[in-house]
Amino acid sequence: MLLLAFRNLVRRPLRSALTIFGLAVAVAVLACLSAFSHGYQRSLGTELDRMGFQMMLVPLGCPYDGAARVLKGKALENSLPESALELARRDPAVAVAAPLLMAAQARPSEGRADMWVGLDESALPLKPWWRMATGAKWFSESNSVILGCDAAEIEMRAPGDWLYSPETGEKLRVAGVLERSGTSDDNLFFVPLPTAQRMFQQPGRLTAIAIRLNDPAQVRAASERLQKIPGAQVVTLTEMMGTFLNLVGAVRTLLFSIALVALAIGVLSVFNTLLAAVVERTNEICILRAIGASRWQILHMITTEALLLTGAGSLGGILLAITAGRAVENLVKQFVPFAPNEPFFFMTGAIVLQSLAVGVLVGVIAGLYPSWKASRLQPAEALKGE
């Protein structure tokens, strides 16, 4: 029966191929969405967990946008008074309060912008991934700069070289180059906090303060106290993660709706292909009935054809998703809030099985009526076509 069903499908190779392709695209979209959703949540949780701190103080405004921009190494329009740092360090729940000043330096002649970060040694416990490829582990003097690995490659600088910033007029000596970490640090220029404040005319100002608590269970109480610091607002990483997942969830619901529409079109395509095949082969099916084929055997044959079509389409969709997933991820990252630096296209065995199950379900649904119609044909129907 399987061989007969296969031969019936290859009679119209173009029609069958188009049906398989349409279903493959629908299954690929569904598989990609599931892989992105699972991978994004997993990667976001991993990236936030390894930050080494539980909350941030950011300037007044949209707290989540501000915190996300800081975490991704982007500048903010507003700033904090440096007095907020001392007030944060006085809180009994705070173990580490690390000040940050971030500024973008446009390089229009080169079509890029450099991101500079001013910090002090209190930031080191919050950056467990920091490893020096070459050079010193910290700034040797006030005019030192530490380069991320990508920044060092672009500037073609090594420890001991001078780096001149024409926009600010600063001449800095490279103290060290960081190992690749896969974080935004790879692209950044790090200088001592006072140097950054002087370079970018921000005396006594900060972009944000990263805070690690003595006990993470004190987040709520500490947040309530720190929220009272003038000119600052508190954002916890747990709140950020929940907010980002909610935003992505709303977009995911829309995209899954689109995927369901694509699957519905796939069902109709399979249904049309099978029904056309039944109509074309009416005489043949009637002859099979005349020589002893039961209704169940005819129904089984058409259902097998449906499952072959959808099985091929589902497998093709999985392969298409795996092949194109990384390319699609690079495009999706531009629109995802706080997109993790590490890949978040995570295809699991469960997602593969789920996608295949959906394909099988499509085959069963699409093949119900054509197989029923074929099984109801009577041997006498063959004579009508003579």
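To be clear, the structure that these remarks concern was listed above.
Residues numbered from 1 in each chain as written. Predicted model: local features only at pLDDT ≥ 70, side-chain atom pairs only at ≥ 80, totals over all residues. Heavy atoms only, no water.

Undergrad: Got a minute to help me understand the overall build of the chain in this structure?
TA: In terms of regular secondary structure, the chain is built from twelve helices and twelve strands. Classification of the 386 residues of the chain by burial places 47% in the buried group. In the chain, 78% of the contacts between residues at least 6 apart in sequence involve partners at least 24 apart. Surface accessibility of the chain: about 18700 Å² in total, with carbon and sulfur atoms responsible for 62%. (Helix = DSSP H or I, 4+ residues; strand = E, 2+ residues; numbered from the N terminus. Buried < 20%, exposed > 50% of the residue type's maximum accessible area, 1.4 Å probe, protein only. Contact = heavy atoms within 4.5 Å. Areas by Shrake-Rupley, 256 points an atom, 1.4 Å probe, with all protein chains shown as cover.)

Undergrad: Sorry if this is basic, but what is going on with the nonpolar core here?
TA: Soluble globular proteins tend to pack their nonpolar side chains together in the buried interior. With 35 residues, the main nonpolar core has Leu57, Trp116, Val145, Leu147, Ile209, Ile211 and Leu226 as its most contacted residues. Setting aside residues up to four positions removed in sequence, Trp116 forms contacts with Leu101, Met102, Ala103, Gln105, Val145, Leu163, Ser165, Leu172, Phe189, Val191, Met199 and Phe200. Among the nonpolar cores identified, the runner-up in size contains 26 residues, and Ala98, Trp138, Phe139 and Ile146 belong to it. (Core = buried A, V, L, I, M, F, W, Y, C linked by side-chain atoms within 4.5 Å.)

Undergrad: What is the right way to read the pattern of salt bridges from this model?
TA: It is possible for side chains of opposite charge to pair when their charged atoms get near one another. This structure, assessed with the given rule, holds eight salt bridges. Across the pair Asp91 and Arg225 runs a salt bridge, and its minimum N-O distance is 2.8 Å. With Asp91 in the loop between helix 4 (83-90) and strand 3 (94-107) and Arg225 in helix 7 (residues 219-226), this residue pair connects regions lying 134 residues apart in the sequence. With its nearest N and O atoms 3.7 Å apart, the salt bridge here joins Glu153 to Arg180. (Salt bridge = Lys/Arg side-chain N within 4 Å of Asp/Glu carboxyl O.)

Undergrad: What is the right way to read helix 7 from this model?
TA: Note on helix geometry: an α-helix contains 3.6 residues per turn, so any two residues three or four positions apart are oriented the same way. Within the sequence span of helix 7, burial applies to Ala222, Ser223 and Leu226. Down the axis of helix 7, the smallest arc covering the buried residues is 105 degrees, so these residues share one side. Turned more than 90 degrees away from the buried face of helix 7, the exposed residues are Arg220 and Glu224. The secondary structure elements touched by the buried residues of helix 7 are strand 1 (55-59), helix 4, strand 3, strand 11 (208-213) and strand 12 (232-236). (Arc of directions from axis to C-beta.)

Undergrad: It is not clear to me how helix 11 (residues 349-375) should be interpreted in this structure. Could you clarify?
TA: Over its 27 residues, helix 11 runs 37 Å from end to end, which matches the ideal 39 Å to within 8%, given 1.5 Å per residue. The largest bend in helix 11 amounts to roughly 45 degrees and is located at Gly367, with the proline Pro370 lying one to four residues further along. Those residues of helix 11 not exposed but buried are Ile351, Ser355, Gly359, Val362, Gly363, Ala366, Gly367, Pro370, Ser371, Ala374 and Ser375. (Expected span 1.5 Å × (residues − 1). Bend = angle between axes of the 7 residues up to and from the residue.)

Undergrad: Help me understand the environment of Asp215 in this model?
TA: Structurally, Asp215 can be placed in the loop between strand 11 and helix 7. Overall, Asp215 belongs to the partly exposed group, its relative accessible area being 35%. Between the C-alpha atom of Asp215 and that of Ala93, which follows or precedes it by 122 residues, the distance is 7.1 Å.

Undergrad: Whenever I open this one, the packing of aromatic side chains confuses me. Can you help?
TA: Describing an aromatic ring pair means giving the distance of the ring centres and the angle of the ring planes. Taken as a whole and assessed by the stated rule, the structure comprises six aromatic pairs. Arranged with centres 5.0 Å apart and planes meeting at 70 degrees, the rings of Trp130 and Phe190 form a pair that is edge-to-face. Taken together, the residues Trp130 in the loop between strand 4 (112-119) and strand 5 (132-135) and Phe190 in strand 9 (residues 188-192) connect sequence positions 60 residues apart. A relative accessible area of 10% means that Trp130 is categorised as buried. (Phe/Tyr/Trp six-rings, centres within 6.5 Å; stacked < 30°, edge-to-face > 60°.)

Undergrad: In this structure, what is going on with the pairing of strand 4? I would like to understand it.
TA: Walk down a regular strand and you will see the side chains alternate between the two sheet faces. Where burial is concerned, most of strand 4 is hidden: six out of the eight residues are buried. In this structure, strand 3 lies alongside strand 4, joined through eight bridges in antiparallel fashion. Residue pairing in the sheet places Ala106 in a bridge with Ala113 of strand 4. When strand 4 meets strand 9, the two strands line up parallel, connected through five bridges. (Pairing = 2+ DSSP bridges.)

Undergrad: What's the story with a nonpolar patch on the surface in this structure? I'm lost.
TA: Taken together, the side chains of Phe21, Val25, Val29 and Leu320 define a hydrophobic patch exposed on the protein surface, amounting to about 320 Å² of accessible area. Looking at the nonpolar patch, the element that brings in the most residues is helix 2 (residues 13-49), giving three residues. Among the secondary structure elements, Val25 is positioned in helix 2. A residue is classified by how much of its surface remains accessible, and Val25, at 34% relative accessible area, is partly exposed. (Patch = residues over 30% accessible without salt bridge, like charges linked within 9 Å, V, L, I, M, F, W, Y side chains within 5 Å.)

Undergrad: What exactly am I supposed to notice about the environment of Thr168 here?
TA: Positionally, Thr168 belongs in the loop between strand 7 (162-165) and strand 8 (170-178). Residues Thr168 and Met199, spaced 31 residues apart in sequence, show a C-alpha to C-alpha distance of 5.8 Å. Not counting residues within four places of it along the chain, the set of residues in contact with Thr168 comprises Gln105, Met199 and Phe200.

Undergrad: For this particular structure, what's the right way to read the environment of Asp120?
TA: Here Asp120 is to be found in the loop between strand 4 and strand 5. Between the alpha carbons of Asp120 and Ala98 there is a distance of 7.2 Å; along the sequence they are 22 residues apart. Setting aside chain neighbours within four positions, we find Asp120 in contact with Arg89, Pro99 and Trp138. In this structure the side chain of Asp120 is engaged in a polar contact, spanning 3.5 Å, whose partner is the side chain of Arg89. A polar side-chain atom of Asp120 sits 2.3 Å from a polar atom in the side chain of Ser122. (Polar contact = N/O pair within 3.5 Å; in protein donor to acceptor, adjacent residues only side chain to side chain.)

Undergrad: Looking at this structure, how should I read the pairing of strand 11?
TA: With five of six residues buried, strand 11 is to be regarded as a mostly interior element. In this structure, strand 1 lies alongside strand 11, joined through three bridges in antiparallel fashion. Across the sheet, the residue bridging to Met55 is Ile211, located in strand 11. As defined by bridge partners, strand 3 adjoins strand 11 across six bridges and the pair is classed as antiparallel. Residue pairing for strand 11: Val94 is matched across the bridge by Leu213.

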